[in-house]
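Summary of the model geometry
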Amino acid sequence: MDENSKTIKSYELNAYEYLQSRSADDEHRFSAWIVETLSKIDKPVKIFEIGSGPGYTADYLESLGYKVTRSDIVNEFIEYNRNRDKNITIHNVITDEIPGEYDAILAINVMQHLNKLDMKKALKLIYDGLKKDGMFIFTITIGDMDEWHDDKGGARYFAAWQKDILIDLLGSTGLEVIFIKDVGYENWINIIEKKI
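Only a predicted model underlies this, so the values are computations on that prediction, with no experimental measurement involved.

**Side note on the overall build of the chain**
Within the chain one finds eight helices and nine strands. Computed over the C-alpha atoms, the radius of gyration of the chain is 16 Å, within 12% of the 16 Å expected from 2.2 N^0.38 for a compact globule of 196 residues. Judged by the C-alpha coordinates and their principal axes, the chain covers about 40 × 40 × 30 Å. The buried share among the 196 residues of the chain stands at 49%. Here the analysis covers contacts within the chain between residues at least 6 apart in sequence; of these, 63% occur between residues at least 24 apart. Carbon together with sulfur atoms contributes 49% to the accessible area of the chain, which is approximately 9800 Å² in total. Where the 24 positive side-chain charges of the chain centre and where its 34 negative ones centre are 4 Å apart.

**A word on the nonpolar core**
With 27 residues, the main nonpolar core has Ile50, Ile105, Met111, Met119, Phe136 and Ile140 as its most contacted residues. Of all elements in the fold, only β4 (102–107), α7 (116–128), β5 (130–142), α8 (163–172) and β9 (188–195) reach the threshold of two or more residues within this core. Discounting residues that sit within four places of it in the chain, isoleucine 105 has contacts with Phe48, Ile50, Ile98, Ile126, Gly129, Leu130, Met135, Phe136 and Ile137. Counting 15 residues, the second-largest nonpolar core is a separate cluster that includes Leu38, Ile47, Met135 and Ile137.

**Section: the pattern of salt bridges**
Scanning the model with the defined rule gives ten salt bridges in all. Linking aspartate 26 and arginine 29 is a salt bridge whose minimum nitrogen-to-oxygen distance equals 3.4 Å. Given a relative accessible area of 33%, aspartate 26 falls into the partly exposed group. We note a salt bridge from aspartate 182 to lysine 163, for which the minimum N-O separation is 3.5 Å. Here the residue aspartate 182 occupies a position in strand β8 (residues 175–182), and lysine 163 occupies one in helix α8, the gap between them amounting to 19 residues. Several salt bridges share partner residues, and in doing so they unite Asp59, Glu62, Arg70, Arg84 and Lys86 into one network.

**Here we look at the side chain of aspartate 103**
Residue placement: aspartate 103 occurs in strand β4. Polar side-chain contacts of aspartate 103 include one of 2.7 Å to the backbone nitrogen of lysine 46. In contact with aspartate 103, not counting residues within four places along its chain, are Ile41, Pro44, Val45, Lys46, Leu130, Lys131, Gly134 and Met135.

Thresholds applied
Residues numbered from 1 in each chain as written. Predicted model: local features only at pLDDT ≥ 70, side-chain atom pairs only at ≥ 80, totals over all residues. Heavy atoms only, no water. Helix = DSSP H or I, 4+ residues; strand = E, 2+ residues; numbered from the N terminus. Rg over C-alpha atoms; globule rule 2.2 N^0.38 Å. Buried < 20%, exposed > 50% of the residue type's maximum accessible area, 1.4 Å probe, protein only. Contact = heavy atoms within 4.5 Å. Areas by Shrake-Rupley, 256 points an atom, 1.4 Å probe, with all protein chains shown as cover. Lys, Arg positive; Asp, Glu negative; His and termini not counted. Charge placed at Lys NZ, Arg CZ, Asp CG, Glu CD. Core = buried A, V, L, I, M, F, W, Y, C linked by side-chain atoms within 4.5 Å. Salt bridge = Lys/Arg side-chain N within 4 Å of Asp/Glu carboxyl O. Polar contact = N/O pair within 3.5 Å; in protein donor to acceptor, adjacent residues only side chain to side chain.

Next comes the structure, spelled out in structure tokens:
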């Protein structure tokens, strides 16, 4: 079983612990940088979210009038959203095409679970799912790490990138970095790219 499959299985087995560790209460604060970016696009903005998890980011964006298509590959997260009467589609970031073209694609706390080869596959699919000048908005870890460690109840694969190598990869896919910022928590960064 590869890194992605093992990580998905870990989320499946430990979904309850993960959901218990999340709260919708502070989503306005966590998503402020996303909202600031989306506010520069004329509404209505069509958004596809990869790895929606509990769906709290989508909840907040929808409360502001944005149209969000939620997706995940973990059955428990899909059921959690559906039990809250939220539409969500099954989607694997490294194998599935984005269904349509979007003004923005979000992947918050997702891309760090992909190895180098899977990252390239995912970026190609994301590029194809963006409208011209559309934005890919995501978080990732920076550094020199390729390891498994426990996170919210389960062992999951984490990869970190050196900034210059990541920026070169994004550019080779046709995505131009327009925003990059350390978030002040360990080695996490927020990144926004535009399809050129």
